[in-house]
Amino acid sequence: MINHSNENTLLDDANSYDVNKELMGAISSDFVKVADQLKEASYQIRKRGFSDYPVFVASRRDVPVGQLLIGATELENQWNYKASFLDEFTQRALIGPESVDLWKENYKKPDEYCCLFVVHGDFAGFVYIPYPED
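Heads up: these notes are all about the structure in this document. Here the structure is a predicted model, which is why all the values come from computation and not from measurement.

Some points on the overall build of the chain
Along the backbone of the chain there are 3 helices and 7 strands. Within the chain, the proportion of its 134 residues that are buried is 45%. Counting only contacts in the chain whose residues sit at least 6 apart along the sequence, the fraction spanning at least 24 positions is 56%. Approximately 7,600 Å² of the chain is accessible, and the part contributed by carbon and sulfur atoms is 48%.

Below is the structure:
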């Protein structure tokens, strides 16, 4: 995630340089255990008209964003996954109104990539992980 001079403007460069390899490895190895459920949830969120921009909050501790979808250890995973979407991030001022168009431009195809908002230690940012191929 790149912070611009305006603190409310965030630009995600797909997978930020802020995400170190160790963290990315931990997220990826956990993600494969829940990928099918997240992909289906993403489809349902879009199909039912809740949002064209589903976001899944991944964290090991409780964060006040999203609705719990998969709890830690539920599927032999270590992270909690909560379902959310762009509107909640703008309502909570996690994405400023002037950043919405830029955020949408960087959002990857939801049938191919999972948009995760990862909260871990002092890192909080968007990460896109491709769904495993069937």
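Quick notes on the environment of glycine 71
Following the sequence through the fold, glycine 71 ends up in the loop between β4 (67–70) and β5 (80–85). For glycine 71, a relative accessible area of 9% corresponds to the buried category. In this structure, the C-alpha to C-alpha distance between glycine 71 and lysine 82, residues 11 residues apart in sequence, is 8.3 Å. The contact partners of glycine 71, leaving out residues within four places of it in the chain, are Asn77, Trp79 and Asn80.

Considerations on the sheet that holds strand β6 (residues 113–120)
The strand order β4-β5-β3-β6-β7 describes an open sheet built from 5 strands, whose pairing is mixed. At either end of the open sheet lies a strand with only one pairing partner, and these are β4 and β7 (123–130). Sheet twist, expressed as the average angle between the axes of neighbouring strands with direction ignored, equals 35 degrees. Here strand β3 (residues 54–59) pairs with β5 via 6 bridges, running antiparallel.

A few points about the environment of lysine 109
Within the element layout of this structure, lysine 109 appears in the loop between α3 (100–106) and β6. Residue classification places lysine 109 among the exposed residues on the basis of a relative accessible area of 57%. For the pair formed by lysine 109 and tyrosine 128, sequence separation is 19 residues and the distance between their alpha carbons is 9.8 Å.

What about unusual backbone geometry?
Of note, the phi angle at threonine 73 is positive, near 75 degrees, even though the residue is not glycine. Assignment of secondary structure puts threonine 73 in the loop between β4 and β5. Using a relative accessible area of 65% as the deciding quantity, one classes threonine 73 as exposed. Despite not being glycine, glutamate 76 shows a phi value in the positive range, around 65 degrees.

Observations regarding the pattern of salt bridges
Considering all chains together, one arrives at 3 salt bridges under this definition. The closest approach of N and O atoms between lysine 82 and aspartate 62, which form a salt bridge, is 3.0 Å. Of this pair, lysine 82 sits in strand β5 while aspartate 62 sits in the loop between β3 and β4, placing them 20 residues apart in sequence. By relative accessible area, aspartate 62 is classed as exposed at 64%. In this structure, the salt-bridge partner of arginine 92 is glutamate 88, at a minimum N-O distance of 2.9 Å. Look at arginine 92 and you get partly exposed, because its relative accessible area is 45%.

What counts and what doesn't
Residues numbered from 1 in each chain as written. Predicted model: local features only at pLDDT ≥ 70, side-chain atom pairs only at ≥ 80, totals over all residues. Heavy atoms only, no water. Helix = DSSP H or I, 4+ residues; strand = E, 2+ residues; numbered from the N terminus. Buried < 20%, exposed > 50% of the residue type's maximum accessible area, 1.4 Å probe, protein only. Contact = heavy atoms within 4.5 Å. Areas by Shrake-Rupley, 256 points an atom, 1.4 Å probe, with all protein chains shown as cover. Pairing = 2+ DSSP bridges. Axes fitted to C-alpha atoms, helices over the stretch in contact; angles between N-to-C directions. Salt bridge = Lys/Arg side-chain N within 4 Å of Asp/Glu carboxyl O.

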